[in-house]
Amino acid sequence: MGFGNWAGSRLHVSRAYCLRKLSWDECEESVTEQKTWSQRFESAIVPAIARFNASIGFDIELIEYDITGSVAHAKMLAHTGIISAEEGEQLVAGLEQIRQEYREGQFNPGIEAEDVHFAVERRLTEIVGDVGKKLHTARSRNDQVGTDTRLYLRDRIEQIRAQVREFQGILLDIAESNVETLIPGYTHLQRAQPVSLAHHLLAYFEMLQRDWERLGETYQRTNISPLGCGALAGTTFPIDRHYTASLLNFGGVYANSLDGVSDRDFAIEFLCAASLIMVHLSRLAEEIILWASEEFSFVTLSDSCATGSSIMPQKKNPDVPELVRGKTGRVCGHLQAMLMLMKGLPLAYNKDLQEDKEALFDTVKTVKACLEAMSILLREGMEFRTQRLAAAVESDFSNATDVADYLASRGVPFREAYNLVGKVVKTCLAGGKLLKDLSLQEWQELHPAFEKDIYEALAPRQVVAARNSYGGTGFVRVRQALKDAHYRLSQN
Ligand code: ARG
């Protein structure tokens, strides 16, 4: 068996690897000599095409996972006797040295490496000599890149889940101290019924709870090993896929090699879960933007989390929530791009799949940054103006349903009561009055069922307290919901 023919050994480059991180332009310049593939190729690749093909500019992000995957593969090759134990050890030591060099900023492959997989393999051969050329036995870059991507994403999912948890905790803290703070509740962005501010914030807690769970499920399907699927059809070598899977802590192995190397459904699932997180954050961001406006004035943004205008000295802008709202479009765009990337691909690997990475990396970076910024904003950058909120719920007709409910609970059919209250609201609007301004006599002229306790039923606090149905905003329910939320937050 000859190990001299792997494509990387045919690369002819001016510098095997660069000693510092190169800019993209510098990388381009570094392709001074042209590269050929196996001996099948007679002419060298056109430099512009080499640049076009290269993914090293972004897949360097995977390097530690590439090394980890290769270490497992090398151990498996030795374990199964495909290479000797000593060769296995040399490969592992060489790979770990590359990890060290990378961490110390000493390993910065240029564009001539094409991708991170070739870059590592080539450096390995420089370090350990010809035995390095044995690493790629019984493996293809197709199962290799699939392994790297899953290892990368698995870690990032855990990090994002932890951030979601932290954010949920912040929501709970604010909710905890605002059970009895009232805020207008809206439908169609029209005042509808007042609610407890804690109840409002707990709605976001619930959304993020599902996001957290969804990411957990995505993790399960990401945590499957494609290593050993080969280029597409498996391999002639007596490999042990379960061995590498267990070294890499995968929960299972792909049952079908064609599927293992060519699907990216786990990445799409992640992008979908990430898009939903962003959509949830964006809805909250939009509310904060509204709340911070002069028109609402429900919150004040602290100077430390807002910015000014370059021309209007009076301005304080809610940049953080605006950026979160804006970045949501970009993450949802990546989901769309990945779906379109996959939809027409015949089995098995196609180079189109190289396009999965930037979408994934940018999504991870964006979601993490948004969760961090929103956490800071909520924890220390924003304060609810409780007096303003209290005044807001006093000055509208959001207690109208309660008048109808008052009559309905005294035997008046609800629709009849509803119509009557509609008329009352109309009269009040015409006279510049609120419901609480009507005298008992006026109420009783409208319907004999009204008694003195109508005023209590109309008070915003009572309006909220009375909605004690399961999942409702009544204070007793909200306290229970908070307890329940704390319990769920403690479950991992
Ligand atoms: N850079 C490639 C990618 O990201 C690695 C796999 C290449 N495989 C191939 N058969 N050309 O997808």
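Here the structure is a predicted model, which is why all the values come from computation and not from measurement.

Before going further, it helps to examine the overall build of the chain. Scanning the chain for helices and strands turns up 20 helices and six strands. On C-alpha atoms alone, the chain measures out to a radius of gyration of 31 Å, which is more than a quarter above the 23 Å that the 2.2 N^0.38 rule sets for 492 residues. Considering only C-alpha atoms, the chain reaches an extent of 105 × 55 × 40 Å along its principal axes. Considering only residue pairs separated by 6 or more positions, the chain has 77% of its internal contacts joining residues 24 or more positions apart. Of the roughly 23100 Å² that the chain leaves accessible, carbon and sulfur atoms contribute 52%.

This brings us to the packing of helix 7 (residues 141-176) against helix 20 (residues 475-490). The contact between helix 7 and helix 20 brings their axes to 11 Å, and the two run at 160 degrees. One finds that helix 7 runs roughly antiparallel with respect to helix 20. Here helix 7 and helix 20 pass one another in a crossing that is left-handed. Only Leu482, Ala485, His486, Arg488 and Leu489 of helix 20 make contact with helix 7, whose side of the interface consists of Arg165, Gln168, Gly169, Leu172, Ala175 and Glu176. By residue class, the composition of the contact of helix 7 with helix 20 is five nonpolar, three polar and three charged.

Once that is clear, we can look at the packing of aromatic side chains. A complete count under the given rule lists eight aromatic pairs for this structure. Aromatic side chains Tyr406 and Phe450 sit 5.5 Å apart centroid to centroid with 15 degrees between the ring planes, which places their arrangement in the stacked category. Of this pair, Tyr406 sits in helix 15 (residues 400-408) while Phe450 sits in the loop between helix 17 (440-446) and helix 18 (454-458), and the two are 44 residues apart along the sequence. Neither Tyr406 nor Phe450 differs from the other in exposure class; each is buried. With 6.3 Å between their ring centres and 40 degrees between their planes, Phe414 and Tyr418 make a pair best called tilted. You can see Phe414 and its partner Tyr418 sitting in helix 16 (residues 414-431), four residues apart, about one turn around the helix. The exposure class of Phe414 is partly exposed, given its relative accessible area of 35%. The class for Tyr418 is partly exposed, based on a relative accessible area of 47%. One aromatic cluster is present, formed by Tyr65, Tyr152 and Phe361 through successive ring pairs. The ring of Trp212 has Arg161 lying over it, and the distance from NZ or CZ to the ring centre is 4.1 Å. Positioned above the aromatic ring of Tyr406 is the side chain of Arg410, whose terminal nitrogen or guanidinium carbon lies 3.6 Å from the ring centre.

Next up on the list: the site of the ligand. Near the ligand the following residues occur: Ser55, Asp115, His117, Arg141, Asn142, Val145, Tyr349, Gln354 and Lys357. Between Gln354 and the ligand, the recorded distance is 2.8 Å, taken from a side-chain N or O atom to a nitrogen atom. For the ligand, the protein covers 86% of the area, taking 340 Å² as the surface of the free molecule. Here the shell around the ligand takes three residues from helix 7, the largest share from any one element. Partitioning the shell around the ligand into residue classes produces two nonpolar, four polar and three charged.

With that settled, the discussion passes to the nonpolar core. Membership of the largest hydrophobic core comes to 87 residues, with the highest contact counts inside it found for Phe167, Phe270 and Ile288. Per-element accounting of this core gives the leading share, 14 residues, to helix 11 (residues 265-292).

Looking now at unusual backbone geometry. Put simply, Leu347 and Ala348 share a cis peptide bond, and its omega is 0 degrees. Structurally, the position occupied by Ala348 is in the loop between helix 12 (319-342) and helix 13 (356-380). Positive phi, normally seen in glycine, also occurs at Glu114, with a value near 70 degrees. Tracing the backbone through its elements, the reader meets Glu114 in the loop between helix 5 (85-103) and helix 6 (116-128). Residue class for Glu114 comes out buried when judged on its relative accessible area of 3%.

Once that is clear, we can look at the pattern of salt bridges. Pairing between side chains of opposite charge can happen when their charged atoms approach one another. Taken as a whole and assessed by the stated rule, the structure comprises 30 salt bridges. Among the salt bridges present, the one from Asp303 reaches Lys316, with a minimum N-O distance of 2.7 Å. Of the two residues, Asp303 is situated in the loop between strand 5 (299-301) and helix 12 and Lys316 in the loop between strand 5 and helix 12; the sequence distance between them amounts to 13 residues. Note on Asp303: relative accessible area 60%, which makes it exposed. We classify Lys316 as partly exposed; its relative accessible area is 38%. With a closest N to O distance of 3.3 Å, Glu394 and Lys436 form a salt bridge. Of this pair, Glu394 sits in helix 14 (residues 386-394) while Lys436 sits in the loop between helix 16 and helix 17, and the two are 42 residues apart along the sequence. Given a relative accessible area of 37%, Glu394 falls into the partly exposed group.

Once that is clear, we can look at helix 20. Over its 16 residues, helix 20 runs 23 Å from end to end, which matches the ideal 22 Å to within 8%, given 1.5 Å per residue. Within helix 20, burial applies to Phe475, Val478, Leu482, Ala485, Arg488 and Leu489. Across the axial projection of helix 20, the buried residues extend over an arc of 130 degrees, all falling on one side. Helix 20 presents Val476 and Lys483 as exposed residues on the side facing more than 90 degrees away from its buried surface. On the buried face of helix 20, the contacting elements are helix 7, strand 1 (182-187), strand 2 (190-196), helix 8 (197-222) and helix 19 (460-465).

Further remarks concern the packing of helix 15 against helix 16. The description of two packed helices rests on the angle between their axes and on the distance between the axes. Their axes nearest at 8 Å, the elements helix 15 and helix 16 cross at an angle of 140 degrees. Judged by the angle between their axes, helix 15 and helix 16 are oblique. In the crossing of helix 15 with helix 16, the sense of the turn from one axis to the other is right-handed. The residues of helix 16 that touch helix 15, namely those facing Ala400, Val403, Ala404, Asp405, Leu407 and Ala408, are Phe414, Ala417, Tyr418, Leu420, Val421 and Val425. By residue class, the composition of the contact of helix 15 with helix 16 is eleven nonpolar, no polar and one charged.

Quick notes on the rules
Residues numbered from 1 in each chain as written. Predicted model: local features only at pLDDT ≥ 70, side-chain atom pairs only at ≥ 80, totals over all residues. Heavy atoms only, no water. Helix = DSSP H or I, 4+ residues; strand = E, 2+ residues; numbered from the N terminus. Rg over C-alpha atoms; globule rule 2.2 N^0.38 Å. Contact = heavy atoms within 4.5 Å. Areas by Shrake-Rupley, 256 points an atom, 1.4 Å probe, with all protein chains shown as cover. Axes fitted to C-alpha atoms, helices over the stretch in contact; angles between N-to-C directions. Parallel < 35°, antiparallel > 145°, perpendicular 65-115°, else oblique. Left-handed = near helix turned anticlockwise from the far one by under 90°. Nonpolar A, V, L, I, M, F, W, Y, C, P; charged D, E, K, R; others polar. Phe/Tyr/Trp six-rings, centres within 6.5 Å; stacked < 30°, edge-to-face > 60°. Buried < 20%, exposed > 50% of the residue type's maximum accessible area, 1.4 Å probe, protein only. Lys NZ or Arg CZ within 6 Å of the ring centre and 35° of its normal. Near = heavy atom within 4 Å. Polar contact = N/O pair within 3.5 Å; in protein donor to acceptor, adjacent residues only side chain to side chain. Core = buried A, V, L, I, M, F, W, Y, C linked by side-chain atoms within 4.5 Å. Salt bridge = Lys/Arg side-chain N within 4 Å of Asp/Glu carboxyl O. Expected span 1.5 Å × (residues − 1). Arc of directions from axis to C-beta.

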